[in-house]
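# Coordinate inspection notes
Chain residues, written in single-letter form:
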Amino acid sequence: MAFDLDMIKKVYGNFGSRIEAARKSVGKPLTLTEKILYAHLWDTQATQAYTRGVDYVDFAPDRVAMQDATAQMALLQFMQAGRPQVAVPSTVHCDHLIQAKIGADADLSTAKDVNKEVYDFLASVSDKYGIGFWKPGAGIIHQVVLENYSFPGGMMIGTDSHTPNAGGLGMIAIGVGGADACDVMAGLAWELKFPKLIGVKLTGKLSGWASAKDVILKVAGVLTVKGGTGAIVEYFGEGARSLSATGKGTICNMGAEIGATTSIFGYDEKSEIYLRGTKRGDIADLANGIKAHLTGDDEVYANPALYFDQVIEINLSELEPHINGPFTPDLAWPISKFAAAVKENGWPEKLDVGLIGSCTNSSYEDISRAASLAQQAVDKKLVAKSEFTITPGSEMVRYTVDRDGFLATFGEMGGVVLANACGPCIGQWARHGAEKQERNSIITSFNRNFAKRADGNPNTHSFVASPEIVTALAIAGSLSFNPLVDTLTNSNGEQVKLDEPTGWEMPVKGFDVEDAGYQAPAEDGSGVSVIVDPKSARLQLLEPFTAWEGTDLKGLKLLIKAKGKCTTDHISMAGPWLKFRGHLDNISNNMLIGAINFANDKADTVKNQLTGEYGPVPATQRAYKAAGIGSVVVGDENYGEGSSREHAAMEPRFLGVRAIIVKSFARIHETNLKKQGMLGLTFANPTDYDLIKEDDTFDIIGLNSFAPGKPLKVVLNHKDGSTDSFEVNHTYNEQQIKWFQEGAALNIIRKNMLG
């Protein structure tokens, strides 16, 4: 569980010289984001001024973190790379496969039994290749990373879209697909388009009911789910320095919901307090030694409009609590306007369940503030009218809040403590009655609230708020309740009002834990065996994807033209499908089953052009594959937003889809497609989306001269014999074109490693 102090010393030892070289080369003051990016260039001499949002740059991340659902495929790929050990410090965290059903102990016990072969695989492969392993029950990856591995000025990639959580402690932490993680663990450079920069200036100070969560809920309303695409969000100002490190983590975590590459805060007194409170005083001492390099230059913050592509300013003293939703995390409502919105939109006013915790809001501060409201409910004789659950973020947090009596308080209120895992946040929630698909409302302190995400019910109206607001509304049992001004009737028939929540940023008695759940790898893993049962339904060794045949792609059938929002949840659902994350063939049976077909407004019902019959998307694609016919998927704006899951790219690749053509891509998904040897293309003219008909056959022309910045041509062959043609753009560079030509990036890695 060591935090790689020698590695951090090495990073800090080069930090100042690299930043000074970059500043001279670029010829201007630097933001914090630029400082960390320049300090982590793969080629330390390459300090030219990169064009934001255009130039691809190679970086050298300090570490890799993987959650269990994505780690399976990432490590199955790494096993093909030919290395005896990972090149950078790496960890695996078992948090996604534990289903919330009864309560922490029972659910964890069931998970260990049901997922035994997966956990055994992850433990053994970690042991063999020098990877730290966090056992089921240890906690959610992002909270565990914040407590143990994040450090100011570092760079980390993680196989989960909420990896940016570590930005709360001043780290550039970016969510990626497993193929990217495989590259870095194999000792290769990691490529990223040099991001645009969004500056968020925070003034004032939070008070009363307002919390750090409300900052990102407000920002999401301003920028929308794609407003941060291709950008890193850097928070600064007196207001930023007033926030706790875990509060900053909450803000950075949910930056994924605006499409941001990552988000970050500078190193300050709150960062130091958290490092020392989590027994990392050595890192705080090192950070203090280069403190000037761990924040943006003074000139940047004095004149932010000159150095950021966009600047937003928020006065924390005036910030209202927000509630975002339903069905999208960027529909932002100040609480003073929310009750009216509920009535005007006809959303179910009765609140069925309130859920707090998750990787976004499970710090000691979050739990203590929510517990202060639960205690008020007990003291003021209020009975919670909604179900209420608590998901601790780590075993350290759970043990400490239990020691300090908060879990008992929640129990008196009627709350149920779930396992230290993702649970309901990612659809790992066996919610009774969800199968009836009745209209209902829930509110969570999670980060994402797409339709069907939490419980599989498309009619569940899911809203996002701070743990304090969630707790208050769960006590009231109504979405129209505003705890800032409204009263409630207690069991004595009296009108009572909830006081403002109170809490502690850090535990007064310090953090404590008996068993954090960490397993160190073997010093020499050469004798460790990794066994995968060839008959397993959960795990499957990978076969390399085939290389490009060297010709234009002709005769491709339209598989589906997706209408409207198509997230990675639509492309590769989580929930019950998580159990197949290590078995590419089996999980491919969920490919695009959530996408809405433009031709009939139905999910998982597309036309098989070989038979003329309608059927499920995966079955239709398997029919094309069996016939040796490739296909095309067409999508709308921001295709592939949401989770970083690379299965959403691997499944279509495995089943024979050759190209994805959309109006625009979410960043991680576009990269994942490229890594797997897929063509990810965008309409040069977005209205050409309307030309595509259900029975179309595609020809993609120009691949023999495939080059950066050079459009390709698509010819549509309609069923009536007529044709249409249009240009499609792409963002492939020379290296990425080689990935396509070789069949996948991993094919090139294997060649390099094996000579």
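All figures in this text were calculated on a predicted structure; none of them were measured in a lab.

Each pair of packed helices gets described by two things: the angle between the helix axes and the distance between those axes. Two numbers describe how helix 3 (residues 68-78) lies on helix 7 (residues 178-185): the axes approach to 8 Å, and their chain directions differ by 45°. Looking at the two axes, helix 3 sits oblique to helix 7. Crossing geometry of helix 3 relative to helix 7 is assigned as right-handed. Between helix 3 and helix 7, the contacting residues are Ala74, Leu75, Gln77 and Phe78 on the first element and Gly178, Ala179, Cys182 and Met185 on the second.

A cis amide bond links Gly325 to the next residue, Pro326, at an omega of 5°. As for its placement among the helices and strands, Pro326 is situated in the loop between strand 12 (322-324) and strand 13 (332-334). In this structure, Lys452 takes a positive phi of about 75° despite not being glycine. With respect to the helices and strands, the residue Lys452 is situated in the loop between strand 17 (440-444) and strand 18 (460-464). When its relative accessible area of 32% is taken as the criterion, Lys452 is described as partly exposed. With a phi angle near 60°, Leu592 is a residue other than glycine that sits in the positive phi range. Here Leu592 shows up in the loop between helix 20 (584-587) and strand 23 (596-597). Given a relative accessible area of 1%, Leu592 falls into the buried group.

On to the sheet that holds strand 30 (residues 697-701), then. Strand order in the closed barrel formed by seven strands is 22-27-28-29-32-31-30, with mixed pairing between adjacent strands. For this sheet, the mean inter-axis angle between neighbouring strands, taken without regard to orientation, is 40°. Relative to strand 32 (residues 723-729), strand 31 (residues 712-717) runs antiparallel, the two being bridged by six bridges. The partner of Val715 across the bridge, within strand 32, is Ser725. Packing against the sheet, helix 21 (residues 617-626) makes contact with strand 22 (553-561), strand 27 (631-635) and strand 28 (657-662), and its axis sits at approximately 170° to strand 22.

Our focus in this paragraph is the sheet that holds strand 5 (residues 155-158). Read from one edge of the open sheet, six strands run 6-5-2-3-4-21, paired in mixed fashion. Because the sheet does not close on itself, it has two edges, and the strands there are strand 6 (172-175) and strand 21 (518-519). As defined by bridge partners, strand 2 (residues 63-67) adjoins strand 5 across three bridges and the pair is classed as parallel. By the bridge assignment for strand 5, Val64 is matched with Ile157. This element, helix 7, spans strand 2, strand 3 (90-93) and strand 5 of the sheet and lies at about 145° to strand 2.

Cut-off values and rules
Residues numbered from 1 in each chain as written. Predicted model: local features only at pLDDT ≥ 70, side-chain atom pairs only at ≥ 80, totals over all residues. Heavy atoms only, no water. Axes fitted to C-alpha atoms, helices over the stretch in contact; angles between N-to-C directions. Helix = DSSP H or I, 4+ residues; strand = E, 2+ residues; numbered from the N terminus. Parallel < 35°, antiparallel > 145°, perpendicular 65-115°, else oblique. Left-handed = near helix turned anticlockwise from the far one by under 90°. Contact = heavy atoms within 4.5 Å. Buried < 20%, exposed > 50% of the residue type's maximum accessible area, 1.4 Å probe, protein only. Pairing = 2+ DSSP bridges.

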